[in-house]
Amino acid sequence: MPVIIQGDSKGTPVVISEDLGYKYPEGLDLRPDSPLHAKIVSEVVSRASESYAVMSNRHSQWADVDKTLTCYIDTDSAEEAMKAQDKRKPVSIVIPYSFATMETIITYLMMAFLDDPIFKYEVAGPEDVLKGILLEKAVDMQMRKAKAGLALHTMFRDNLAYGFGAIAPYWARDWAYRSESVEVPRWFGFGKPRYDRVQRRVVKYEGNKLLNVDPYNFLPDPNVPIHDIQRGEWLGWVRRSNLVNLLDEEKSSDGAVFNARYMNGGTTYRSIYAPSTDRGTKFGIHTNNSGGYSTTPVDLLYMYINLVPASWGLGKSQYPEKWLFCVAGDQYLIQAQPLGLDHNMYPICVAASEYDGYTVGAISRMEVVGGLQNILDWLVNSHIANVRKAINDMIIVDPYMVNINDLKDPKPGKLVRLRRSAWGRGGVDQFVKQLAITDITQGHIKDVSIIAELMQQVSAATDTVQGFMRKTSERITATENQNTRVSALSRLAKIAKIVSMQAMYDLGYMVASHTQQLMNEEIFVNLTGEWRNTLLNSYPGADRIRITPSEIMVNYDVIMKDGSISTPDYLQSWVDVFKIIAENPILMQRFDIINVFKQYAKLTGVKDIDRFELPQMRASVGADENVLREAEKGNLIPMGGAVQ
């Protein structure tokens, strides 16, 4: 656990030597030596302490999971000495079966949710369909540029490893510089034009980004269950940064971040709520170093609190408002502002697929199979230890009759000399004898398959789901294989459906709300995907369209994904449905055969099937004389060819 170098957890006012002239949000006095600053820091830190006291009880179990997933076991002194002599000799290891199980489930979740677009929306009325499409395109572009799939992968992994995965969507505005040529004014308009290259600061990216919250540093309200954090009075987490980045954030925040210049560049600002982990133990690499000459670590404690401003001295309102606070190193308040978000939610989503519905902690799927993993490791390691012992000669020798130095020579083809007193006496086996060795662990390897099968049954990551055929002496029928695979996938689909309801729905709603509320820059998107033809009707001949903030203001809802994925048997069902509809005239009148085919094509992996669709012909009925008159003018052409 880190040691605090400066400050304490009581919100004691900091002594400052000068006023640096900060203008604080809401006209508040938030200088580090002000009473309001001390009060807020004390309230935030006390809530963090309450949450940490509960959540830290799980850290030891999580550390065991980390060691399992990194295939790390602490070696004893004997094994270390043996390894130092010969690195080729095997020592205790973790059989990566839990890792393989987790990878199988994560792969399923990635396939279930990371289809383009990740989030789809529907609108209330037909008059808003175009705005809903533009909103979906805008969010999709942000998710691709922000590499949202990487953050979602981490959330899925945390959920399986620690029992929950937390992710925070936030609105980002990244700045960069663009070089431009500017004409230099000429004296009295004479001479050749001359240009200078200048740099202009521009917005490189504006949109949603996703921040993963480390479960070790997550500080939820312990009075609400983990799957229902929006009902909590507060919600916080700790993020490690450094003073240089903090100063850069202050410069670009337009006053939202402050007090960073009061912090001493030579001091390490650590939080007691940022515990170390065993993730890097195997490789000796940790991100939570104690700092040095090259960096000044700063732990940032972020906390959303639903509070009454009048009670906190933050305003006159007598009704709750959601505020965001950030305390650096448990000492300096560097952010304090009302959230003011349209969705009126804490901008954090939690996936806890193994939740029990009542507690703030959830057991993870890796913990469920953790006991079986330990047995699996013991069976293999004990067998390795026994084999290692067996291949070393265990000999009883009479040192008066045999030259010990010859016997101890490890080289093959050795020559062992008897002492003079044993010459000619025969019966060499009376002087040297090999002890009988019994391998009592020879059945352990067979037991490994039994334990592995139990782990599969518990986790639903069966052989067929992992891509292996079940090992059996009997011939496996296609029906048996299909039914086994469907049953296992149904259990994985249950995990995905819970994750969809807990995290993906709220996340999709939040990123769309942020886009509507905070988007200032125009963006351009390509006309691809399932809405291509619909957009071409509104923007004929365009390959890219411009989206302005006013064009996406619409009431929307997130289309929740059911967590299923396409399998060969599932695709065959769609083929059968297509054939039945195509061969039945009554069904052809009731169902859209074109969209059925599009759905099948997309399930097979064809993402841009709409690009190959021919333009639809529009038919209308007109009076004979009007049709003839327009045909004579050349405005109408018969289907058989030109008018003669």
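On a predicted model such as this, the values are computed, not experimentally measured, just so you know. (Residues numbered from 1 in each chain as written. Predicted model: local features only at pLDDT ≥ 70, side-chain atom pairs only at ≥ 80, totals over all residues. Heavy atoms only, no water.)

> Break down the pairing of strand β8 (residues 332–338) for me, with residues and values.
Counting buried residues in β8 gives five out of seven residues, a clear majority hidden from the surface. Hairpin connection, strand β7 (residues 321–328) to β8: the antiparallel pair is bridged by three residues, and Gly329 has positive phi, about 60°. (Buried < 20%, exposed > 50% of the residue type's maximum accessible area, 1.4 Å probe, protein only. Helix = DSSP H or I, 4+ residues; strand = E, 2+ residues; numbered from the N terminus. Pairing = 2+ DSSP bridges.)

> I'd like a rundown of unusual backbone geometry, residues and numbers included.
Cis rather than trans, the peptide bond between Asp116 and Pro117 has omega equal to -10°. Structurally, Pro117 is set in the loop between α4 (97–113) and β1 (121–123). The phi dihedral of Asp254 falls on the positive side, at around 55°, and the residue is not glycine. With respect to the secondary-structure elements, Asp254 resides in the loop between α7 (243–252) and β6 (297–307). The exposed category is assigned to Asp254, whose relative accessible area is 75%.

> An account of the sheet that holds β8 is requested, with residue identities and associated values reported.
Read from one edge to the other, the open sheet built from five strands follows the order β4-β5-β6-β7-β8, with strand pairing classed as antiparallel. If you trace the sheet from one side to the other, it starts and ends with β4 (218–220) and β8, each paired once. Recorded for the sheet is a direction-independent mean angle of 20° between the axes of neighbouring strands. The sheet strands contacting helix α1 (residues 35–55) are β4, β5 (234–242), β6, β7 and β8, and the helix crosses β6 at an angle near 95°. Contacts from α7 reach β5, β6 and β8, with the element oriented near 115° to β5. (Axes fitted to C-alpha atoms, helices over the stretch in contact; angles between N-to-C directions. Contact = heavy atoms within 4.5 Å.)

> Tell me about empty space enclosed by the protein, residues and numbers included.
Going through the model one piece at a time under the given rule, you end up with one cavity of 30 Å³ or more. The calculated volume of the largest cavity comes to roughly 60 Å³. Lining the largest cavity are Phe113, Ile118, Phe119, Ser500, Met504, Tyr505, Val558, Ile559, Met560 and Lys561. Considering each element in turn, the lining of the largest cavity owes the most residues, three residues, to helix α14 (residues 478–518). (1 Å grid on protein atoms, 1.4 Å probe; cavity = no way out; pocket = protein on both sides within 12 Å on 5 of 7 lines; lining within 4 Å. Points joined across faces, edges and corners; volume = space filled by probe spheres on them.)

> Mind laying out the sheet that holds strand β2 (residues 165–184), listing which residues take part and the relevant values?
Overall, antiparallel pairing links the three strands, which are arranged β3-β2-β9 in an open sheet. Each end of this open sheet is capped by a strand with a single partner; those strands are β3 (194–213) and β9 (349–351). Averaged over neighbouring strand pairs, the angle between their axes works out to 25° when direction is ignored. As paired strands, β2 and β3 are joined by 19 bridges and run antiparallel to one another. By the bridge assignment for β3, Ala172 is matched with Gly207.

> So what's going on with the confidence of the model for the protein chain? Which residues, and what values?
Looking at the protein chain, the pLDDT average stands at 81 and 80% of residues meet or exceed 70. Ignoring residues within four places in sequence, the model shows residues 1–11, a span with pLDDT below 50, making 26 contacts including any to other chains. (pLDDT = per-residue confidence, 0-100.)

> Describe the packing of α4 against helix α6 (residues 148–162), listing the residues and the values that go with them.
Here α4 crosses α6 at 140°, and the two axes come no closer than 10 Å. Between α4 and α6, the angle falls in the class oblique. At the point where α4 passes α6, the crossing takes the right-handed sense. Packed against α4, whose contacting residues are Met102, Ile105, Ile106, Leu109, Met110 and Phe113, the element α6 presents Gly149, His153, Phe156, Arg157, Leu160 and Ala161 at the interface. (Parallel < 35°, antiparallel > 145°, perpendicular 65-115°, else oblique. Left-handed = near helix turned anticlockwise from the far one by under 90°.)

> I'd like to hear about the environment of Val448, residue by residue, with values.
Counting through the fold element by element, Val448 comes out in helix α12 (residues 444–459). Sequence spacing of Val448 and Asp377 is 71 residues, and the spatial spacing of their C-alpha atoms is 8.8 Å. Residue contacts for Val448: discarding those within four places in its chain leaves Leu376, Leu379 and Val380.

> How would you sum up the packing of aromatic side chains? Please name residues and give values.
All chains considered together, the criterion is met by 19 aromatic pairs. Between Tyr22 and Tyr262, the aromatic rings sit 5.6 Å apart at their centres with planes inclined by 40°, giving tilted as the arrangement. Placement of Tyr22 in the segment before α1 and of Tyr262 in the loop between α7 and β6 is noted, with a sequence separation of 240 residues between them. Per residue, the accessibility class of Tyr22 equals that of Tyr262, and both read buried. Three or more aromatic residues joined by ring pairs form one cluster here, namely Trp62, Tyr162, Phe164, Tyr216 and Phe218. Just above the ring of Trp175 sits the side chain of Arg201; from NZ or CZ to the centre is 4.2 Å. If you follow Arg261 out to its NZ or CZ, it ends over the ring of Tyr22, 4.4 Å from the centre. (Phe/Tyr/Trp six-rings, centres within 6.5 Å; stacked < 30°, edge-to-face > 60°. Lys NZ or Arg CZ within 6 Å of the ring centre and 35° of its normal.)

> Which residues make up the nonpolar core, and what values go with them?
Phe218, Phe325 and Ile348 are the most contacted members of the largest nonpolar core, which has 124 residues in total. Looking at which element gives the most residues to this core, the answer is α14, with twelve residues. Apart from residues no more than four positions distant in its own chain, Ile348 is found in contact with Ala166, Ile167, Ala168, Pro169, Phe218, Ile229, Gln230, Leu235, Trp237, Tyr304 and Met510. Grouped together as the second largest cluster of nonpolar side chains are twelve residues, Leu376, Val380, Val448 and Met455 included. (Core = buried A, V, L, I, M, F, W, Y, C linked by side-chain atoms within 4.5 Å.)

> Quick one: what's the story with the environment of Val213, residue by residue and with numbers?
The topology assignment puts Val213 in strand β3. The class for Val213 is buried, based on a relative accessible area of 1%. Expressed as a C-alpha distance, the spacing of Val213 and Cys349, which sit 136 residues apart in the sequence, is 9.9 Å. Residues contacting Val213, with those up to four places away along its chain left out, are Asp158, Ala166, Phe218 and Trp237.

> Give a description of a nonpolar patch on the surface that names residues and reports values.
A surface patch of nonpolar side chains, about 220 Å² in accessible area, is lined by Ile363, Val368 and Val458. Classification of Ile363 as partly exposed rests on a relative accessible area of 45%. (Patch = residues over 30% accessible without salt bridge, like charges linked within 9 Å, V, L, I, M, F, W, Y side chains within 5 Å. Areas by Shrake-Rupley, 256 points an atom, 1.4 Å probe, with all protein chains shown as cover. Salt bridge = Lys/Arg side-chain N within 4 Å of Asp/Glu carboxyl O.)

> Would you mind going over the pattern of salt bridges in detail, with residue names and values included?
Evaluation of the coordinates by the stated rule reveals 18 salt bridges. Note that Arg173 and Glu206 form a salt bridge whose closest N and O atoms lie 2.6 Å from each other. In this pair, Arg173 sits in strand β2 while Glu206 sits in strand β3, placing the two residues 33 residues apart along the sequence. Where salt bridges share partners, they join Asp19, Asp29, Arg31 and Asp33 into one cluster.

> Now, about the packing of helix α10 (residues 370–390) against α12: what can you tell me, with residues and values included?
Put simply, α10 and α12 touch, their axes get as near as 9 Å, and they point 165° apart. Classified by the angle between their axes, α10 and α12 sit roughly antiparallel to one another. For the crossing formed where α10 meets α12, the hand is left-handed. Residues Leu372, Gln373, Ile375, Leu376, Trp378, Leu379, Val380, Ser382 and His383 of α10 lie in contact with α12, whose contacting residues are His444, Ile445, Asp447, Val448, Ile451, Leu454, Met455 and Val458. Split by residue class, the contact of α10 with α12 holds twelve nonpolar, four polar and one charged. (Nonpolar A, V, L, I, M, F, W, Y, C, P; charged D, E, K, R; others polar.)

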